[in-house]
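Observations on the model geometry
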Amino acid sequence: MPRTRLAFLAALLTLATACAPRRPVVRESPESSLRFLLVNDVYVADTLRDGSGGVAHVAALKRRLEAESGGPVTFVLAGDVLSPSLLSKWYAGRQMVDAFNAAGLDFATFGNHEFELDRDTLVARIRESRFRWLSANCTEAGTGAPLPGVRAWDTVTVRGVRVGLFGLTLRGDYRRYVACGDPDSAAHAAIGALRGAGAQLVVGITHQTLGADSALLAR
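All figures in this text were calculated on a predicted structure; none of them were measured in a lab. (Residues numbered from 1 in each chain as written. Predicted model: local features only at pLDDT ≥ 70, side-chain atom pairs only at ≥ 80, totals over all residues. Heavy atoms only, no water.)

**Notes on the overall build of the protein**
A count of helices and strands for the protein gives seven helices and eleven strands. When each of the 219 residues of the protein is scored for burial, the buried share is 49%. For the protein, long-range pairs separated by at least 24 residues make up 78% of all intrachain contacts whose partners lie at least 6 apart in sequence. Summing over all exposed atoms, the protein offers an accessible surface of approximately 10900 Å²; the carbon and sulfur share of this is 54%. (Helix = DSSP H or I, 4+ residues; strand = E, 2+ residues; numbered from the N terminus. Buried < 20%, exposed > 50% of the residue type's maximum accessible area, 1.4 Å probe, protein only. Contact = heavy atoms within 4.5 Å. Areas by Shrake-Rupley, 256 points an atom, 1.4 Å probe, with all protein chains shown as cover.)

Below is the structure:
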């Protein structure tokens, strides 16, 4: 089996970056490339008046990348989507789940703003999601059990490669129903479990600072 590798999809790319007008150049061999499309901190699903942004543009970009590479693109969201926004005050994040369901999102992890919702509302949004929520370090306070519908990690097979994914969220003073433990410890536990599950590539979908990502990757 090939040596397991570790990569991070940090919360650094924005929706605007993903929607840049320049067409991507595919340099990899289509038969060997593994491609990820990442967005984070997305609060508005619509395209802006100047034509930029919009979840529909990202969905179109995903389809174009798949056509150019001749294979699947794994579409992930690194947190901060259900809150805060003006519409979320009315719909409690339901409009963003609907948009990303339609766009074909594969995986999401929590940002700090997700925990501004009350527990029942957050659980309802998770239940409505057709994509999978991952969090290795944020669990139910008191019991340490995963929030309903959330996994610490998951695996997919892309172009014959078993890829393991886990989610991380920076620690903070969140609502009492959730406890986010040490990201480093949680990441290493998830990596060990994924290696045991046969993952050849391990990818962290993280909502934390670049410094924290770099330090964790170095360890």
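Having seen the model, we can carry on.
**Some details on the sheet that holds strand β7 (residues 150-151)**
Read across the open sheet, the five strands follow the order β2-β3-β4-β5-β7; overall the sheet is parallel. At either margin of the open sheet sits one strand with a lone partner, and together these are β2 (35-39) and β7. In terms of strand pairing, strand β3 (residues 73-77) meets strand β4 (residues 107-109) through two bridges, oriented parallel. Bridging across to β4, Val76 finds its partner in Phe107. Contacting β2 and β3, helix α2 (residues 55-69) runs over the sheet at an angle of about 170° to β2. (Pairing = 2+ DSSP bridges. Axes fitted to C-alpha atoms, helices over the stretch in contact; angles between N-to-C directions.)

**Quick look at the pairing of strand β8 (residues 153-158)**
Remark: a regular strand shows side chains that alternate across the two faces of the sheet. The sheet contact formed by β8 and strand β9 (residues 161-169) spans six bridges and is antiparallel. Of the residues in β9, the one forming a bridge with Thr155 is Gly164. Between β8 and β9, which pair antiparallel and follow one another directly, the connecting turn spans two residues, one of which, Arg159, has a positive phi of 50°.

**What about the pattern of salt bridges?**
Pairs can form between side chains of opposite charge once their charged atoms are near each other. Under the definition given, this model contains seven salt bridges. Here Glu66 makes a salt bridge to Lys62, at a shortest N to O gap of 2.9 Å. Highlighted residues: Glu66 and Lys62, both in helix α2, separated by four residues, approximately one helical turn. The exposure class of Lys62 is buried, given its relative accessible area of 12%. (Salt bridge = Lys/Arg side-chain N within 4 Å of Asp/Glu carboxyl O.)

**Quick notes on the packing of aromatic side chains**
Applying the stated rule across the entire model yields five aromatic pairs. Centre to centre, the rings of Phe110 and Trp133 are 5.1 Å apart; their planes meet at 20°, and the pair counts as stacked. Taken as a pair, Phe110 in the loop between β4 and α5 (119-128) and Trp133 in strand β5 (residues 132-134) lie far apart in primary sequence, 23 residues in all. For the pair Phe110 and Trp133, a shared accessibility class is recorded, and that class is buried. (Phe/Tyr/Trp six-rings, centres within 6.5 Å; stacked < 30°, edge-to-face > 60°.)

**Thoughts on the side chain of Ser135**
With respect to the secondary-structure elements, Ser135 resides in the loop between β5 and β6 (138-140). On the basis of relative accessible area, Ser135 is assigned to the buried category, the value being 4%. Within the structure, Ser135 has its side chain in polar contact with the backbone nitrogen of Cys138 (distance 3.1 Å). (Polar contact = N/O pair within 3.5 Å; in protein donor to acceptor, adjacent residues only side chain to side chain.)

**A few points about helix α4 (residues 94-103)**
Within α4, seven of the ten residues are buried, leaving the element largely enclosed by the surrounding structure. Where the residues of α4 are buried, they touch β2, α2, β3, α3 (86-91) and α5.

**Quick look at the confidence of the model for the protein**
With 85% of its residues at a pLDDT of at least 70, the protein reaches an overall mean of 87. Here residues 10-28 is modelled with pLDDT under 50, and outside its nearest four sequence neighbours on either side it reaches 38 contacts, counting other chains as well. (pLDDT = per-residue confidence, 0-100.)

**Observations regarding helix α6 (residues 183-196)**
The first and last C-alpha atoms of α6 sit 20 Å apart over 14 residues, in line with the 20 Å expected at 1.5 Å per residue. For α6, the full list of buried residues reads Pro183, Asp184, Ala186, Ala187, Ala190, Ile191 and Leu194. Seen end-on, α6 carries its buried residues on one side only, within an arc spanning 160°. Turned more than 90 degrees away from the buried face of α6, the exposed residues are Ala189 and Gly196. Downstream of α6 by a residue or two, Gly198 has a phi angle that is positive, lying close to 90°. (Expected span 1.5 Å × (residues − 1). Arc of directions from axis to C-beta.)

**Details of the packing of α2 against α4**
Helices that pack against each other are described as a pair by the angle of their axes relative to one another and the distance between those axes. At a minimum axis distance of 9 Å, the contact between α2 and α4 shows a crossing angle of 20°. The orientation of α2 relative to α4 falls into the category roughly parallel. For α2 against α4, the interelement crossing comes out right-handed. Of the residues in α4, those touching α2 at Val55, Ala59 and Lys62 are Ala99, Phe100 and Ala103. Its residues placed into classes, the contact of α2 with α4 shows five nonpolar, no polar and one charged. (Parallel < 35°, antiparallel > 145°, perpendicular 65-115°, else oblique. Left-handed = near helix turned anticlockwise from the far one by under 90°. Nonpolar A, V, L, I, M, F, W, Y, C, P; charged D, E, K, R; others polar.)

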